[in-house]
Amino acid sequence: MRKYKIPGVSLAVLRDGNISILKSYGMANVELAVPVKPETIFQSGSIGKQFTAAAVMTLAQDGRLSLDDKISKYLPDTPDTWRDITIRNLLNHTSGLGDYPDEISLKRDYTEDEYLTIFKKVPLNFAPGTRWDYSNVGYVTLGILIRRVTGKFYGDFLREKVFGPLGMSATRVISEADIVPNRAAGYRLVNGELKNQEWVSPSTNSTADGALYLSILDLAKWDAVLTRDAAAVAKGQRGKLFTQSSLEQMWKPLRLRDGKVKGYGFGWFNDTIHNRRLISHGGAWQGFKSFIIRFPDEKLSIIFLANSWNTNELTLARGLISIFHPEFALDQATHSQNARVTDSVVDHEPKVTALFRRVMMQLANDKVEKDLFTPELQSLLFPTQARKLGETLNSLSLAAAVIELSELVERRNEEDLRVYKYVLTDIGQTLVCTIKLTRDDAIAELELVRK
């Protein structure tokens, strides 16, 4: 918290669905000097997607829709390119819809019909089912679809079918107009100085891709139900909320048309790391970060909520996991700056870091501006080596998030080149990237190593 200047954190560790550790740190509101407590309300970010997925699964269990239904069945006047998109594609990010188009302004209000009209104009990134690409638009569309099926706003449907029955009394869709007891403020750093979160429109703060208020206590209730439902279905019984089929599909890796497997189910990443099965998801939104990690075979869960956009949630999550499973520990050779606050490398060249992240994203998307590299490096990289680097980056759970959280750990000069070393931390692996720049900022060398 000192390193990243995080005002407040709420943390819970659960064993077998029961709270084992419950901790509150720092300030929920810096201006009013209000401390964090277990009842403090944070914003969910994308961990809210698992609740949207839960709403869809309850509809499927009740026979009101099928996951393999084409979304055109519920959404009229869909483009011809959408004809093969199914509800399942929306749930597991294989629809090709991608992220918010440039036409969408986070500061403007839109109706659901206006959102759909804009989404329909944008070409798909790929044919449904052929690739995986994290899609907020897909989950916004799921929220609209829930209303078309039920006649209710997705948040009202969740309150009726999930939050109410599970006793999650504080959880609800975000509203900055309503009086919300125990609401934390969100923060960000601007030139190292703490600032309030930026304002977004009410409609932006109510979409189904992760716009919830929740507390650590409510998330503990959610985890308890997941644990007990899993135990029930293991005995051949139906859980309180989910059937065996629902749990399996939510937590099972998906298989693309070409046979490749991606560790994502419905609103949950999933993987086996160090011979331990885990499911997890993070969230990042409007001055807040969040993470939930579950080891279902060991019935161990770790959840935290933080009220700073600058929280490195993957580093924090992995550090917390390593307390219980040391094999997940951050590599001290590459993360020594994370070990002691006084060892931190101050990034005095944000433009270089922005360039690095831009190039990493381009490599991951196989759309690289070759002019960013020296002619000599271009001849070595393209096309084969660049494609291999992209495959390494895409082995990350969510390349965009890990790249955005990359940290500078070394800066030095080497003859006529400036050398920068960055660490990219995922739950299951660490990548170390070294780039060397010429005087005119062309990339002369690039090395990506898995630790």
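Everything discussed here concerns the structure shown above.
**A few points about the overall build of the protein chain**
When its secondary structure is counted, the protein chain shows 13 helices and 18 strands. The C-alpha radius of gyration computed for the protein chain amounts to 22 Å, which stays within 12% of the reference 22 Å derived for 451 residues, consistent with globular compactness. With the C-alpha coordinates of the protein chain rotated into their principal frame, the extents come out at 65 × 55 × 45 Å. Excluding contacts between residues fewer than 6 apart, the proportion of contacts in the protein chain whose partners are at least 24 apart in sequence is 62%. Summing over all exposed atoms, the protein chain offers an accessible surface of approximately 20,100 Å²; the carbon and sulfur share of this is 49%. Taking the average place of the 58 positive charges on the side chains of the protein chain and the average place of its 54 negative ones, the gap between the two points comes to 4 Å.

**Structural notes on unusual backbone geometry**
Between F382 and the following residue, P383, the backbone shows a cis peptide bond with an omega angle of -5 degrees. Within the secondary structure layout, P383 lies in the loop between α11 (375–381) and α12 (384–393). The residue N275 is not glycine, and still its phi comes out positive at about 60 degrees. Among the secondary structure elements, N275 is positioned in the loop between β11 (269–273) and β12 (276–285).

**Quick notes on the pattern of salt bridges**
Under the counting rule described, the total for this entry stands at 27 salt bridges. For R276, the salt bridge identified is with E298, shortest N-O distance 3.2 Å. Here E298 lies in the loop between β13 (288–295) and β14 (300–306) and R276 lies in strand β12, a separation of 22 residues in the sequence. By relative accessible area, R276 is classed as partly exposed at 23%. Measuring nitrogen to oxygen at the nearest pair gives 3.9 Å for the salt bridge that ties E404 to R357. Pair noted here: E404 is in helix α13 (residues 399–404) and R357 is in helix α10 (residues 350–365), with a separation of 47 residues, a long-range link. The network of salt bridges with common partners includes E410, R412, E414, K421, K436 and E445.

**Here's the deal with helix α7 (residues 244–251)**
Because each turn of an α-helix spans 3.6 residues, side chains separated by three or four positions end up pointing in the same direction. When we look at burial in α7, the residues that qualify are S246, L247, M250 and W251. Projected down its long axis, α7 shows its buried positions confined to an angular sector of 110 degrees, all on one face. Each element contacted by the buried residues of α7 is listed here: α1 (49–61), α6 (216–234), β11, β12 and β13.

**A closer look at the packing of aromatic side chains**
Taken as a whole and judged by the stated rule, the model has 16 aromatic pairs. The interplanar angle of 85 degrees and the centroid separation of 6.2 Å between the aromatic rings of F42 and F288 together place this pair among those described as edge-to-face. Taken together, the residues F42 in strand β4 (residues 41–43) and F288 in strand β13 connect sequence positions 246 residues apart. For the residue pair F42 and F288, the accessibility class agrees, reading buried in each case. With a centroid separation of 6.2 Å and 20 degrees between ring planes, the pair formed by F291 and F304 is classed as stacked. You can see F291 sitting in strand β13 and its partner F304 sitting in strand β14, a full 13 residues away along the chain.

Definitions and limits used
- Residues numbered from 1 in each chain as written.
- Predicted model: local features only at pLDDT ≥ 70, side-chain atom pairs only at ≥ 80, totals over all residues.
- Heavy atoms only, no water.
- Helix = DSSP H or I, 4+ residues; strand = E, 2+ residues; numbered from the N terminus.
- Rg over C-alpha atoms; globule rule 2.2 N^0.38 Å.
- Contact = heavy atoms within 4.5 Å.
- Areas by Shrake-Rupley, 256 points an atom, 1.4 Å probe, with all protein chains shown as cover.
- Lys, Arg positive; Asp, Glu negative; His and termini not counted.
- Charge placed at Lys NZ, Arg CZ, Asp CG, Glu CD.
- Salt bridge = Lys/Arg side-chain N within 4 Å of Asp/Glu carboxyl O.
- Buried < 20%, exposed > 50% of the residue type's maximum accessible area, 1.4 Å probe, protein only.
- Arc of directions from axis to C-beta.
- Phe/Tyr/Trp six-rings, centres within 6.5 Å; stacked < 30°, edge-to-face > 60°.

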